[in-house]
Amino acid sequence: MRHSEYTRYFRNIASLHPALRHSEAEMHFARIVLARDELGNDNIQEFISSLRSRIHPPFMLLVAYDHGDQNNGGDQRRKVYQCAFLILDKAPGGDFDAEEAVYDSTEEIGEQILAYILHDFEEGTMSGNGRLVLENEMGGEKIGKVEGFTGTRFTLSFWQNYNGPLYHNPQNWTI
């Protein structure tokens, strides 16, 4: 799976989910590649601030995946993807009951999205460029006020065979 396939897949989910209904006319999906500064601070606040006039809550913020290589010490390599998305919504400032309701609704939306993804993996429709296998790791955490938005962050991981992309092909080089 490449970045464009990943983004397309999650954008499609955001367009199909009834609470989000992302479209060109009404934006409920955005994506971000997180850059960390020396102190480890994310650039999410600045990003959301730049979208404030165009994004409609609730919305999905897809975080670009990180990936690593697993090697069994033999002939099997795996590319392991670490993925994250946030479901964010507005709650009136200082209204803690409304904020709790946003936590509940964003958690529910995210769980429905995870269920959709699980179904795709089970049916084999989430295949990308080769068979993808869902890891057992999924999680979530509450996100406090980020530019006036509150919600839930979800993480999941999956892997695929990495032997093909790492095969040395002399035709790729000018020697």
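This report concerns the structure included in the present document. (Residues numbered from 1 in each chain as written. Predicted model: local features only at pLDDT ≥ 70, side-chain atom pairs only at ≥ 80, totals over all residues. Heavy atoms only, no water.)

## Quick look at the environment of E46
To keep it simple, the criterion reads: A run of H or I in DSSP counts as a helix once it spans at least four residues, and a run of E counts as a strand once it spans at least two, with each numbered from the N terminus.
Mapped onto the elements of the fold, E46 is located in helix α2 (residues 44–51). For the pair E46 and E147, spaced 101 residues apart in the sequence, the C-alpha separation amounts to 8.3 Å.

## A word on the packing of aromatic side chains
Worth spelling out the cut-off: Put simply, two rings from Phe, Tyr or Trp (the six-membered ring, in Trp's case) pair if the centres are within 6.5 Å, and we call them stacked under 30 degrees between planes, edge-to-face over 60, tilted for the rest. Each residue is placed in one exposure class: buried if its accessible area under a 1.4 Å probe, protein chains only, is under 20% of its type's maximum, exposed if it is over 50%, and partly exposed if it falls in between. The criterion is that NZ of a Lys, or CZ of an Arg, lies within 6 Å of the ring centre and within 35 degrees of the ring normal, and then a charge sits over that ring.
In the structure shown here, the tally under the stated rule is nine aromatic pairs. Their ring planes at 65 degrees and their centres at 5.2 Å tell us that Y6 and F10 sit as a pair that is edge-to-face. A residue pair is termed a helical-turn pair when its members lie 3 or 4 positions apart in one helix, as Y6 and F10 do in helix α1 (residues 3–16) at four residues. Judged on exposure class, the residue Y6 and its partner F10 are both buried. What links up through ring pairs into an aromatic cluster is the set Y6, Y9, F10, Y65, Y81, F85, F121, F154 and F158. Positioned above the aromatic ring of W159 is the side chain of R78, whose terminal nitrogen or guanidinium carbon lies 3.6 Å from the ring centre.

## What about the environment of C83?
Defined as follows: Whether two residues are in contact is decided by their heavy atoms: any pair within 4.5 Å suffices.
Checked against the element boundaries, C83 lands in strand β3 (residues 77–90). C-alpha of C83 to C-alpha of V63: the two residues are 20 residues apart in sequence and 6.9 Å apart in space. Apart from the residues within four sequence positions on either side, C83 is in contact with Y6, Y65, F154, T155, L156 and F158.

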